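Breakdown of the fold
Now for the letters of each chain:
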Amino acid sequence: MSSLKHQTLPLQRRMALRMRRGDSWVHLAMIGLLIPTFYPFVALLFLSFKDNPQFYHNRWLLSFPLHFGNYTYALKTVSPYILNSVISSGVTVVGVLLLASLAAYAFSRGDFPGKEALFYLILSLLMVPGILTLIARFVLVKQLGLLNTRWALILPWISGGQVFAIFLLRSFFDHVPEDLFESARLDGANEFQILLQIALPLARPIMGVVAILNITGTWNDLIWPLVTVMNNQTLYTIPIGLTLFRQAFWTNWGPLFAGYVIVSIPMLVFFVFSSSLFIRGIASGAIKM
Amino acid sequence: MTVIAKKRAAIRGRVKKRSLLQEIWHKKHWYLFLLPTFVSLLIFQYYPPLSALYHAFFRWDGVTKHFVGLEHFRYMFTEDWRFLASIPNVFILMVVKTIFVSRLFMPILVAELIYNIKRPRWAYTYRLLLVIPMVVPMMVILYLWEFIFEPNFGLANSLLGATGLEKLQSGWFSNPKMALTTFVLVNFPWIAGGGTGLAPLIYLAGLLGIPDAIVDAARIDGATGLRRIWHVDLPLIMGQIKAMVVLGIIGRLQGYAPQLIITDGGPGVATLVPGLHMYKQAFMYAKMGYGSAIGLVLFLLILLLTFVSMKYLRSSVEY
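In what follows, the accompanying structure is described. Everything quoted here is computed from the prediction, not taken from an experiment.

Of regular secondary structure, chain A possesses 13 helices and 0 strands. Put simply, chain A has 289 residues, and 48% of those count as buried. Counted over contacts in chain A with a minimum sequence separation of 6, partners at least 24 positions apart contribute 71%. As displayed, chain A has an accessible area near 14,000 Å², and 68% of this comes from carbon and sulfur atoms.

Take a look at the structure:
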C-alpha cells in the first residue's frame, strides 16, 4: 500500500518527502558528534555552581541550590589575569595593525628597488618555527633588560604578528582598483594620506581578520609569557595565571570551575562581536596551498 | 614635425634614467613605510634564529659560552635517552592524532556531512556550532580534559563505572602505558576546539567551492556517496587538505603545552615530547646551547616532513 500511495502523489510532494528522509541520517550523525563535543563544556558550567558536597554526590547534572558565590570568589583571583591579557594582547594588536598596514601598503602600491626581494625576505620568516627561536629570543629579551616587564610580551608579539598580517593585508590591497588611488594622487594627496584616508577604511574587514587571528594567538600563548614574565606575578596573563589558579584551587571544585568559565568569557564576547567577519574571512576559500 | 611630436622628443631628451641610488632616494618614502616593520623583524625575528644556529655549537647558559662543535648533536643521538624516547612519542601523537584523526578523517567526515545537508539554515547552524568551542581558551580546554581523565573524580572513570565498564577504568594520565593514548583521546570527538575546529570549516569551504557543473556531472555519471567523496570531492579539496595537514605537522612537532601542563612529560618519559625536553634543558638546567641544538634538529625535521607531505599529498585534479 505504501509505495502505491507515494506514486499517486504529485511530483513536488514526492521530491519533498525524498529530501527530508535523506537528510535525517546526516542530522543524526551531526548531533551524535556535537553532543560529546559540547557536553564537557556544559558539565563545566554545571560543576561551577556546585559546592564540594554536591560535587562528590553527582558530577553530571546540575545540583540545586546554585552557588553563585563560587563565581565571586574565583573572580577575585582571576580578574588580574584577564586584565593583563586584555592589555597585552590589545596593545599588541594595535601595534601589529599599525606596522603591518604601513608595510603592506608599501608592498602593494609602492614601486621601489628591491620591493619583491624584501617581500620574500619577510615571507621566508614563515619557515622559521617558534621552537628554533624561543631560547635565543629569551636571551635577547634578557639582554635588553626587558625581562619581567610588559614589553617583553608586547614587542616580540608585535614582531611575530607582522609576517602573516603583511601577507594578508598586501593581498587585500593588491585587489583594490588602482583608480581609487589615482584620483587621490591627482588631487595632490601624498602616499601617507592615501593610505590613511582611502586604503585603511577599505581594509577594515581584512584588518578585522588579522586582529582576530592575532588576538587569539597572543591570548592563548602560554610558553612565551611563562618564560619571560615568570617572576612578576602582577603581569601574569590568563594562561600562566590559570596554572597558579589551578594549583591553588584544586579540590575546591566549584570555584575552580567557575574560574575556568570566567576566564572563557572575554573571548566569547569578542567572538560574538566579530563572528561575521571571521566566518566571512575563512569561507572565502583562500586558505590552501 | 607636429607640435605634439616635438614636445615628445623634447621630453624624451630631458629625462635621464636614474641610477640605482638616485632611484632609492627618490622613492625613500616607501622605505620609511617599511622601516618600523623591518626594525622589529630584525631584532626579534631575524636575529634569534641566527643566534640559535650559532649557539647550537656552544655550551651556553645565556651569559658565557664555550665552543663544543658537534658535541651536542652527538650526545643528543647517542646518550640522551630522554630525547630518544621523546621522538617516538611525538611521532605517535603526530601520525595518529594530528594527521589521521584531526586533519583527515574527522574533518572530512564533518565537512561532508554539512555539505550534504539540503536546507541551508541547518548547515549554517552546524557551522556556527563548530566555531563556538574555538572561543574557549586552550588552557581551559586542557584543564577541562585533565579533569575528565582524573582517575578518582573525573568524568571518564565515573562514566565507565556508571555504565558497568569498570574494566576500562584507568589511571589515564598517571598510568605510564595509557598516558600517551590519553593525550590522543583528549578533545574527543575531535571536531572542534582550537586548531582542530578550523579544519572542517576549511574543508567545507573547499567543498562549497566545487563548481556545480562538476557536481552535476558526477551525479549523472552515477558517482554517489562514498565513491563521489573519494573520486570527486577529495581530489578537488586536496589543496586545503595539504595546507591543514602540513600546518598540523608543524604545530604538533613543536608543541608541548599540553604535556607541560598536564603531565610534565611523565610518568617517567611516557609523554615527553622533544619540545618539552628542549624547554626543560634550556630553562630548568640552563643548558641553552644544548636546547638550541635540539631546536635546530626539530627545525630540520619540520622542514623534512613538510617537504614530504607536500610531495605525497598530490592529486592530479588540482582545483
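Now that the structure is up, let's keep going.
Counting its regular elements, chain B contains 16 helices and 2 strands. Against the compact-globule benchmark of 20 Å for 319 residues, chain B has a radius of gyration of 27 Å, which places it well outside the compact range. In terms of overall dimensions, chain B has a C-alpha envelope of 105 × 70 × 35 Å along the principal axes. In chain B, buried positions account for 53% of the 319 residues. Expressed as a percentage of contacts within chain B between residues at least 6 apart in sequence, the contacts between residues at least 24 apart total 65%. A total of about 16,000 Å² of accessible surface is found on chain B, and carbon and sulfur atoms cover 68% of it. Computing the positive centroid from 31 side-chain charges and the negative centroid from 15, chain B places the two 17 Å apart.

For soluble globular proteins, the rule of thumb is that nonpolar side chains tend to be buried together. Core analysis: the largest hydrophobic core is formed by 188 residues, its most contacted members being Tyr 105, Phe 173, Leu 242, Phe 245, Phe 257 and Tyr 260 of chain A. The element best represented in this core is helix 4 (residues 69-109) of chain A, accounting for 16 residues. Excluding its chain neighbours within four sequence positions, the residues that come into contact with Phe 257 of chain A are Leu 44, Leu 47, Ser 48 and Phe 55 of chain A together with Phe 147 of chain B.

With that out of the way, let us pick up a nonpolar patch on the surface. Nonpolar side chains collect at one region of the surface, where Leu 144 of chain A together with Leu 32, Leu 35, Val 39, Leu 42 and Ile 43 of chain B lie side by side and expose about 530 Å² of accessible area between them. Relative to the helices and strands, Ile 43 of chain B resides in helix 3 (residues 28-55).

Time to look at the interface of chain A and chain B. Facing the 93 residues of chain A at the interface are 97 residues of chain B. Around 8,500 Å² of area is buried between chain A and chain B when both sides are counted, 80% of it from carbon and sulfur atoms. One can count 1 salt bridge joining chain A with chain B. The partner of Glu 146 of chain B in a salt bridge is Arg 246 of chain A, and the shortest N-O contact between them spans 2.8 Å.

Next up on the list: the packing of helix 7 (residues 151-174) of chain A against helix 10 (residues 204-219) of chain A. All names here are of chain A. At a closest axis distance of 10 Å, the pairing of helix 7 and helix 10 adopts a crossing angle of 155°. Classified by the angle their axes make, helix 7 and helix 10 are roughly antiparallel. Classified by chirality, the crossing of helix 10 by helix 7 is right-handed. Residue-level contacts link Trp 157, Gly 161, Phe 164, Ala 165, Leu 168, Leu 169 and Phe 172 of helix 7 to Ile 206, Met 207, Val 209, Val 210, Leu 213, Asn 214 and Thr 218 of helix 10. Of the residues belonging to the contact of helix 7 with helix 10, the class tally is 11 nonpolar, 3 polar and no charged.

With that out of the way, let us pick up the environment of Ser 48 of chain A. All names here are of chain A. Looking at the secondary structure, you find Ser 48 in helix 2 (residues 11-48). Relative accessible area serves as the criterion here: at 0%, Ser 48 is assigned to the buried category. Once the C-alpha coordinates of Ser 48 and Pro 255 are considered, the two residues, 207 residues apart in sequence, prove to be 6.3 Å apart. When sequence neighbours within four positions are dropped, the list of residues in contact with Ser 48 reads His 67, Asn 70, Tyr 71, Gly 254, Phe 257, Ala 258 and Val 261. From its side chain, Ser 48 meets the backbone oxygen of Leu 45 in a polar contact 2.6 Å long.

Enumeration according to the criterion identifies 45 aromatic pairs over all chains in this entry. When the ring of Phe 57 of chain B is compared with that of Phe 73 of chain B, the centres are 5.6 Å apart and the planes differ by 50°; the resulting orientation is tilted. Taken together, the residues Phe 57 of chain B in the loop between helix 3 and strand 1 (58-60) and Phe 73 of chain B in helix 4 (residues 71-78) connect sequence positions 16 residues apart. Owing to a relative accessible area of 27%, Phe 57 of chain B belongs among the partly exposed residues under this scheme. Cation over ring: Arg 246 of chain A sits above Trp 250 of chain A, and NZ or CZ is 3.9 Å from the ring centre.

By the element assignment, Trp 122 of chain B lies in helix 6 (residues 120-131). Judged by relative accessible area, Trp 122 of chain B falls into the partly exposed class, the value being 37%. Distance from Trp 122 of chain B to Ile 249 of chain B, taken between C-alpha atoms, is 32 Å for residues 127 residues apart in sequence. Setting aside residues no more than four positions away along its own chain, Trp 122 of chain B makes contact with His 27 of chain A together with Ile 117 of chain B.

Attention now moves to helix 13 (residues 238-254) of chain B. Spanning 17 residues, helix 13 of chain B covers 24 Å between terminal C-alpha atoms, matching the ideal 24 Å at 1.5 Å per step. Burial runs high along helix 13 of chain B: 14 of the 17 residues are buried.

Quick look at the environment of Glu 146 of chain B now. Assignment of secondary structure puts Glu 146 of chain B in helix 7 (residues 138-148). Distance from Glu 146 of chain B to Leu 207 of chain B, taken between C-alpha atoms, is 35 Å for residues 61 residues apart in sequence. Not counting the four nearest positions on each side in its chain, Glu 146 of chain B is found in contact with Arg 246 and Trp 250 of chain A together with Phe 173 and Ile 262 of chain B.

The subject of this paragraph is the side chain of Lys 115 of chain A. Tracing the backbone shows Lys 115 of chain A in helix 5 (residues 115-124). Excluding anything up to four places from it in sequence, Lys 115 of chain A contacts Ala 106, Phe 107, Ser 108, Gly 110 and Arg 170 of chain A.

Helix-helix packing: each pair is described by the crossing angle between the helix axes and the interaxial distance. All names here are of chain B. One way to put it is that helix 5 (residues 81-115) packs onto helix 10 (residues 198-208) with a least axis distance of 8 Å and a crossing angle of 50°. Looking at the two axes, helix 5 sits oblique to helix 10. Pair helix 5 / helix 10 crosses with right-handed handedness. Between helix 5 and helix 10, the contacting residues are Ser 102, Arg 103, Pro 107, Ile 108, Val 110, Ala 111, Glu 112, Ile 114 and Tyr 115 on the first element and Ala 199, Pro 200, Tyr 203, Leu 204, Leu 207 and Leu 208 on the second. Residues belonging to the contact of helix 5 with helix 10 are distributed by class as follows: 12 nonpolar, 1 polar and 2 charged.

Looking at the secondary structure, you find Gln 45 of chain B in helix 3. A relative accessible area of 10% places Gln 45 of chain B in the buried class. At 2.5 Å, the side chain of Gln 45 of chain B and the side chain of Arg 137 of chain A are in polar contact. What Gln 45 of chain B contacts, discounting residues up to four positions off in sequence, is Leu 125, Arg 137, Ser 159, Gly 160 and Val 163 of chain A together with Ser 40 of chain B.

Glancing now at the pattern of salt bridges. Scanning the model with the defined rule gives 10 salt bridges over all chains in all. When the shortest N-O distance is used, the salt bridge between Arg 228 of chain B and Asp 233 of chain B registers 3.1 Å. The class for Arg 228 of chain B is buried, based on a relative accessible area of 16%. By relative accessible area, Asp 233 of chain B is classed as buried at 2%. Through salt bridges that share partners, Glu 116, Arg 170 and Asp 174 of chain A make up one connected network.

What counts, and where the lines are drawn
Residues numbered from 1 in each chain as written. Chains lettered and ligands numbered in written order. Predicted model: local features only at pLDDT ≥ 70, side-chain atom pairs only at ≥ 80, totals over all residues. Heavy atoms only, no water. Helix = DSSP H or I, 4+ residues; strand = E, 2+ residues; numbered from the N terminus. Buried < 20%, exposed > 50% of the residue type's maximum accessible area, 1.4 Å probe, protein only. Contact = heavy atoms within 4.5 Å. Areas by Shrake-Rupley, 256 points an atom, 1.4 Å probe, with all protein chains shown as cover. Rg over C-alpha atoms; globule rule 2.2 N^0.38 Å. Lys, Arg positive; Asp, Glu negative; His and termini not counted. Charge placed at Lys NZ, Arg CZ, Asp CG, Glu CD. Core = buried A, V, L, I, M, F, W, Y, C linked by side-chain atoms within 4.5 Å. Patch = residues over 30% accessible without salt bridge, like charges linked within 9 Å, V, L, I, M, F, W, Y side chains within 5 Å. Salt bridge = Lys/Arg side-chain N within 4 Å of Asp/Glu carboxyl O. Buried area = accessible area lost by both parts, 1.4 Å probe. Axes fitted to C-alpha atoms, helices over the stretch in contact; angles between N-to-C directions. Parallel < 35°, antiparallel > 145°, perpendicular 65-115°, else oblique. Left-handed = near helix turned anticlockwise from the far one by under 90°. Nonpolar A, V, L, I, M, F, W, Y, C, P; charged D, E, K, R; others polar. Polar contact = N/O pair within 3.5 Å; in protein donor to acceptor, adjacent residues only side chain to side chain. Phe/Tyr/Trp six-rings, centres within 6.5 Å; stacked < 30°, edge-to-face > 60°. Lys NZ or Arg CZ within 6 Å of the ring centre and 35° of its normal. Expected span 1.5 Å × (residues − 1).

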